[in-house]
Amino acid sequence: MPIPAESVEATHQKVTMVHAMMLVCFIDGPMASQQIALIESYAKGLPEFHGRDFRQYYQAAKAKATEARGSLDRAVASVDAIESKELRRKTFHCCLELAHAAGKASSAQESLLTAIQHTLKIETELARTMQEIIAAKFDHTIL
């Protein structure tokens, strides 16, 4: 069954999701190819990206990052373009997962996650619950 075409707005929102995920990986230094592959695997795990060409979204997200002209505040503010409450929550969830994937999130990532949470208007209690669950998922000291 062919994949239906999507609107420009739907594409823009998915690009913004990828952009937010890239920010979390980029905050501690240049992104390695493994981080790009990790972002792709998270994106492809979402129904919004099923059967879509991730490279298209990734390239557009790189261009979006360039538009911020080195300003982290501007880059984070652009995440507000995600309109759907569901996509905002999914984006924040993916950002949390990426920040904790290597273990404990860095202090720079924690600060960025807080900024993304506020930009996406994620409720404090929900954000705290998501953070606790995801941190426990990647806590290597539990076993």
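What you see as residue numbers is a count from 1 along each chain, following the sequence as written. Predicted model: local features are reported for residues with pLDDT of at least 70 only, side-chain atom pairs are reported and counted for 80 or more only, and whole-chain, interface and lining totals are derived from all residues. Excluding hydrogens and water, the side-chain values take into account all heavy atoms of the structure.

Moving on to the pattern of salt bridges. In a structure, side chains of opposite charge can pair up when their charged atoms sit close to one another. By definition here, a salt bridge exists when the distance from a side-chain nitrogen of Lys or Arg to a carboxyl oxygen of Asp or Glu is within 4 Å. If you walk through the whole model with that rule in mind, you get 12 salt bridges. Here glutamate 6 ties to arginine 52 by a salt bridge, and the two come within 3.8 Å at their closest N and O atoms. You can see glutamate 6 sitting in the segment before helix H1 (8–26) and its partner arginine 52 sitting in the loop between helix H2 (33–44) and helix H3 (54–67), a full 46 residues away along the chain. For lysine 121, the salt bridge is made with aspartate 80, and the minimal N-O distance between the two is 3.0 Å. A run of H or I in DSSP becomes a helix once it reaches four residues, and a run of E becomes a strand once it reaches two; helices and strands are each numbered from the N terminus.

Attention shifts here to the packing of helix H5 (residues 85–100) against helix H6 (residues 107–120). Whenever a helix is involved, its axis is fitted only over the stretch in contact; in every case the axis is a line through C-alpha atoms, and angles between N-to-C directions fall within 0 to 180 degrees. Their axes nearest at 10 Å, the elements H5 and H6 cross at an angle of 175°. By the criterion of interaxial angle, the relationship of H5 to H6 is roughly antiparallel. Counting all contacts with H5, which are made through Arg88, Thr91, Phe92, Cys95, Leu96, Ala99 and His100, the residues of H6 involved are Gln109, Glu110, Leu113, Ile116, Gln117, Thr119 and Leu120. Residue classes follow a fixed rule: Ala, Val, Leu, Ile, Met, Phe, Trp, Tyr, Cys and Pro count as nonpolar, while Asp, Glu, Lys and Arg count as charged, and any other residue, Gly among them, counts as polar. For the contact of H5 with H6, a count of residues per class yields seven nonpolar, five polar and two charged. For classification purposes, angles smaller than 35 degrees are called roughly parallel, those larger than 145 roughly antiparallel, those between 65 and 115 roughly perpendicular, and all remaining angles oblique. In what follows, a contact means two residues having at least one pair of non-hydrogen atoms within 4.5 Å.

Attention now moves to the nonpolar core. The term nonpolar core refers to a set of buried residues drawn from Ala, Val, Leu, Ile, Met, Phe, Trp, Tyr and Cys, joined through side-chain atoms within 4.5 Å. Burial classes follow relative accessibility: with a 1.4 Å probe on protein chains only, a residue under 20% of its type's maximum area counts as buried, one over 50% as exposed, and anything between as partly exposed. Counting 40 residues, the largest nonpolar core has Val18, Met21, Val24, Ile39, Phe92 and Ile116 as its most contacted members. Filtering out sequence-adjacent residues up to four positions away, valine 18 remains in contact with Ile39, Phe49, Phe54, Tyr57, Tyr58 and Ala61.

Summarising the element assignment, histidine 19 is placed in helix H1. Only 3.1 Å separates the side chain of histidine 19 from the side chain of serine 78, close enough to count as a polar contact. If near-sequence neighbours (up to four positions away) are discounted, histidine 19 is found in contact with Ala61, Lys64, Ala65, Ala75, Ser78 and Val79. Here a polar contact means two N or O atoms within 3.5 Å. Within protein one must be a hydrogen donor candidate and the other an acceptor candidate, and residues neighboring in sequence count only if both atoms are side-chain atoms.

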